[in-house]
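Chain and residue survey
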Amino acid sequence: MNLMTDASAGFGAAMFGWSLVMGAALGVVYSSFSLLAVVTGMRTVGRLVLDVLFFAVSAAAVFLLCAARNGGAVRGYVLLGTAMGLSAYYLAVGRWLSKIFGSVERAVHRFFDGV
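These lines cover the structure that appears in this document, whether it is placed above or below. Owing to the predicted nature of the structure, the values given are computational and were not obtained by experimental measurement.

**Some thoughts on the packing of aromatic side chains**
- Applying the stated rule across the entire model yields two aromatic pairs.
- Residues tyrosine 30 and phenylalanine 54 carry aromatic rings whose centres are separated by 5.0 Å and whose planes lie at 70 degrees to one another, so their mutual orientation is edge-to-face. In this pair, tyrosine 30 sits in helix 2 (residues 9-40) while phenylalanine 54 sits in helix 3 (residues 44-69), placing the two residues 24 residues apart along the sequence.
- Put simply, the rings of Tyr30, Phe54 and Phe55 touch in pairs and so form one group of aromatic residues.

**Description of helix 3**
- An ideal rise of 1.5 Å per residue puts 38 Å on 26 residues; helix 3 measures up with 37 Å between its terminal C-alpha atoms.
- Listed as buried for helix 3 are Leu50, Phe54, Ser58, Ala61, Val62, Leu65 and Cys66.
- Directly after helix 3, the chain includes glycine 71, whose backbone phi takes a positive value near 65 degrees.

**Here's the deal with the nonpolar core**
- Judged by nonpolar contacts, the single largest core of 13 residues is most densely connected at Met15, Met22, Leu26, Val62, Leu65, Cys66 and Val78.
- The set of elements that each furnish at least two residues to this core consists of helix 2 and helix 3.
- For leucine 65, the contacting residues outside a window of four places in its chain are Met15, Trp18, Ser19, Met22, Asn70 and Val78.

The rules behind the values
- Residues numbered from 1 in each chain as written.
- Predicted model: local features only at pLDDT ≥ 70, side-chain atom pairs only at ≥ 80, totals over all residues.
- Heavy atoms only, no water.
- Phe/Tyr/Trp six-rings, centres within 6.5 Å; stacked < 30°, edge-to-face > 60°.
- Helix = DSSP H or I, 4+ residues; strand = E, 2+ residues; numbered from the N terminus.
- Expected span 1.5 Å × (residues − 1).
- Buried < 20%, exposed > 50% of the residue type's maximum accessible area, 1.4 Å probe, protein only.
- Core = buried A, V, L, I, M, F, W, Y, C linked by side-chain atoms within 4.5 Å.
- Contact = heavy atoms within 4.5 Å.

Written out as structure tokens, the structure is:
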């Protein structure tokens, strides 16, 4: 892959689009981690571990996307697209899921308090 010839506007737009999709996918991963934390009753340290794991998964995902599609060159628009995709996911679905997870957490606590 020749980065000088592949640095066209169409290629950049495609990479940006893929990074948006990846950001939304990372939002799903983060929601899954949040649900895991709620269901297992994780507190501060457990959630910190999950956050660090999420950041490691995110970094690996960005690296793998750039390695596969851009010869390993991490561009600013890829990072921006990933952040925008994650933000769009959160604004569209994440806040709603946070409310549901809060209800699940309260139900789990009520269940185990009654047992």
